[in-house]
Amino acid sequence: SQTIHQWPATLVQPVGSPLSLECTVEGTSNPNLYWYRQAAGRGLQLLFYSVGIGQISSEVPQNLSASRPQDRQFILSSKKLLLSDSGFYLCAFTPSGVLGEQYFGPGTRLTVT
Amino acid sequence: KNEVEQSPQNLTAQEGEFITINCSYSVGISALHWLQQHPGGGIVSLFMLSSGKKKHGRLIATINIQEKHSSLHITASHPRDSAVYICAVFGNQFYFGTGTSLTVIP
């Protein structure tokens, strides 16, 4: 069966520190992968999506970056966190060749202090 | 203007009430999702629709493609239904509503 893992579940980091959030998918090959952010009281905002290894598209300018070193691994990073980076980060995937379906990871709650 | 608009933003109901959440969208789509987000934050997909109506237990989702409108109904609501319900559509990309926060009071 298809599953998606995301870690850590919660993270408290000081301003200016680096960030690395990891997401892995099992049970499917060549999925489309997505990183979303949900700020308090707001809807989901698409940050990055990837249709294949090394292929990253960014939806909004920011101090975050994403990488896809392996087919089923998606990493969200920052060199220096800002207070405004606080939020709930969700990784999601769409199975290969299946348009319109999306499955979400459990999320990471990031607090930048 | 958001591509996906939901109403109401907040909803409080007594246990047992029939609940309706509405979603309107402005883009061409091939699928519409109703998602449920519990206070812990995790999101699960309740329904994926491209036409007509789907039912799962006490939940019913309908979509009218011509009117670009969908509704999520909860019959005999229960406190465990308390969550944020998010409408999402897929056209050439995913668009998300800001969610409807539902509280069901015992």
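Please refer to the structure placed before this passage.
Numbers given for residues are sequential positions, taken from 1 along each chain in its written order. For naming, the first written chain is A and the first written ligand is 1, with later ones following in the order written. It should be noted that, the model being predicted, local features are given only for residues of pLDDT at least 70 and side-chain atom pairs only at 80 or more, the latter also being counted only at that level, while totals for whole chains, interfaces and linings use all residues. To get the side-chain values, take all heavy atoms of the structure and skip hydrogens and water.

Engineer: Whenever I open this one, the pattern of salt bridges confuses me. Can you help?
Structural biologist: Opposite charge on two side chains lets them pair, provided their charged atoms get close. Each reported salt bridge corresponds to a side-chain nitrogen of Lys or Arg within 4 Å of a carboxyl oxygen of Asp or Glu. This structure, assessed with the given rule, holds three salt bridges over all chains. When the shortest N-O distance is used, the salt bridge between Asp 71 of chain A and Arg 68 of chain A registers 3.2 Å.

Engineer: So what exactly am I meant to see when it comes to the nonpolar core here?
Structural biologist: General note: in soluble globular proteins, nonpolar side chains tend to be found buried as a group. Put simply, a nonpolar core is a bunch of buried Ala, Val, Leu, Ile, Met, Phe, Trp, Tyr and Cys residues held in one set by side-chain atoms that sit within 4.5 Å of each other. Buried, partly exposed and exposed residues are distinguished by accessible area as a fraction of the type maximum, computed with a 1.4 Å probe on protein chains only: under 20%, between the cut-offs, and over 50%, respectively. Val 4, Ile 19, Leu 32, Trp 34, Leu 72, Tyr 85 and Val 89 of chain B are the most contacted members of the largest nonpolar core, which has 23 residues in total. Here Leu 32 of chain B is in contact with Cys 23, Tyr 25, Phe 47, Met 48, Leu 49, Ile 63, Ser 70, Cys 87, Ala 88 and Val 89 of chain B, once residues within four sequence places are set aside. Residues Leu 19, Leu 33, Tyr 89 and Phe 93 of chain A belong to the second largest nonpolar core, which totals 20 residues. Two residues qualify as a contact provided that any one of their heavy atoms is within 4.5 Å of a heavy atom in the partner residue.

Engineer: Mind showing me how you'd approach the sheet that holds strand 8 (residues 69–74) of chain B here?
Structural biologist: Strand pairs in the sheet, formed through backbone hydrogen bonds, run parallel or antiparallel to each other. Residue and element names in this part refer to chain B. For two strands to pair, DSSP has to find at least two bridges joining them. Elements are defined by DSSP. Helices are runs of H or I of four residues or more, strands are runs of E of two residues or more, and each kind is numbered from the N terminus. The five strands lie next to each other as 1-3-8-7-6, forming an open sheet whose pairing is antiparallel. The sheet is open, and its two edges are formed by strand 1 (4–7) and strand 6 (52–56), each paired on a single side. Averaged over all adjacent pairs, the angle separating strand axes in this sheet is 15 degrees, with direction ignored. In the sheet, strand 6 pairs with strand 7 (residues 59–64) via five bridges, with the strands oriented antiparallel. Residue pairing for strand 7: Gly 52 is matched across the bridge by Ile 63. An axis is simply a line fitted to the C-alpha atoms; with a helix, the fit covers only the stretch in contact. Between two such axes, the angle follows the N-to-C directions and lies from 0 to 180 degrees.

Engineer: Which parts of the structure should I look at to understand the sheet that holds strand 8 (residues 73–78) of chain A?
Structural biologist: Residues and elements named next belong to chain A. Taken in spatial order, the four strands of this open sheet run 1-3-8-7, and their pairing is antiparallel. Looking at which strands have only one partner, the edges of the open sheet turn out to be strand 1 (3–7) and strand 7 (64–70). Taken pair by pair, the neighbouring strands of this sheet meet at an average axis angle of 20 degrees, ignoring direction.

Engineer: Can you walk me through the packing of aromatic side chains in this structure?
Structural biologist: To describe a pair of aromatic rings, one takes the distance between the centres and the angle between the planes. Whether two aromatic rings pair depends on their centres lying within 6.5 Å, for rings of Phe, Tyr and Trp, where Trp uses its six-membered ring; planes under 30 degrees apart make the pair stacked, over 60 edge-to-face, and the rest tilted. In this structure the tally under the stated criterion is ten aromatic pairs over all chains. With 6.0 Å between their ring centres and 15 degrees between their planes, Tyr 34 of chain A and Tyr 36 of chain A make a pair best called stacked. The two residues Tyr 34 of chain A and Tyr 36 of chain A agree in class, both being buried. Through a chain of ring-to-ring contacts, the aromatic side chains of Tyr 34, Tyr 36, Tyr 49 and Phe 104 of chain A together with Phe 90, Phe 94 and Phe 96 of chain B assemble into a single cluster.

Engineer: How should I be thinking about the interface of chain A and chain B in this particular structure?
Structural biologist: Think of interface size as the accessible area that goes away when the parts come together; that is how it is often given. Facing the 16 residues of chain A at the interface are 18 residues of chain B. Buried surface area refers to the total accessible area, computed with a probe of radius 1.4 Å, that the two partners give up upon joining, counted for both partners together. Both sides of the chain A and chain B interface together cover about 1200 Å² of buried area, and 63% of this is carbon and sulfur. Viewed at the interface, chain B and chain A are joined by zero salt bridges. Counted as a polar contact is a pair of N or O atoms within 3.5 Å, where, for protein atoms, one must be capable of donating a hydrogen and the other of accepting one, and residues adjacent in sequence contribute only when both atoms are in side chains. Across the chain A-chain B interface, the total number found is one residue pair in polar contact (both at pLDDT 80 or more). Taken together, the elements giving at least two residues each to the side of chain A that touches chain B come down to strand 4 (32–38) and strand 9 (87–94) of chain A. Considering only residue class, the side of chain A that touches chain B consists of eight nonpolar, five polar and three charged. When residue character is reported, Ala, Val, Leu, Ile, Met, Phe, Trp, Tyr, Cys and Pro are called nonpolar, Asp, Glu, Lys and Arg charged, and the others, Gly included, polar.

Engineer: Help me out: how do you make sense of the side chain of Gln 13 of chain A in this one?
Structural biologist: Tracing the sequence through the fold places Gln 13 of chain A in strand 2 (residues 10–13). Dropping the residues within four chain positions of it, Gln 13 of chain A is found in contact with Pro 18, Leu 81, Leu 110, Thr 111, Val 112 and Thr 113 of chain A.

Engineer: Would you explain the environment of Thr 111 of chain A in this entry?
Structural biologist: Mapped onto the fold, Thr 111 of chain A is located in strand 11 (residues 108–112). Once residues lying within four places of it in the same chain are set aside, the contact partners of Thr 111 of chain A are Leu 11, Val 12, Gln 13 and Ser 86 of chain A.

Engineer: Explain the state of the cysteines to me, please; I cannot follow it from the model alone.
Structural biologist: Joining two cysteines, a disulfide is a covalent bond between their sulfur atoms. When two cysteine sulfur atoms lie within 2.5 Å, the pair is treated as a disulfide. Going through the model one piece at a time under the given rule, you end up with two disulfides over all chains. In this model, Cys 23 of chain A is linked to Cys 91 of chain A through a disulfide, with the two sulfur atoms separated by 2.0 Å. Taking the sign of the S-S torsion, about -75 degrees here, the bridge from Cys 23 of chain A to Cys 91 of chain A comes out left-handed. With Cys 23 of chain A in strand 3 (residues 19–26) and Cys 91 of chain A in strand 9, this pair connects stretches of sequence that are 68 residues apart. Like Cys 91 of chain A, Cys 23 of chain A is buried. Disulfide pairing is shown between Cys 23 of chain B and Cys 87 of chain B; the S-S distance is 2.0 Å.

These values are about where atoms sit, not about what they do.
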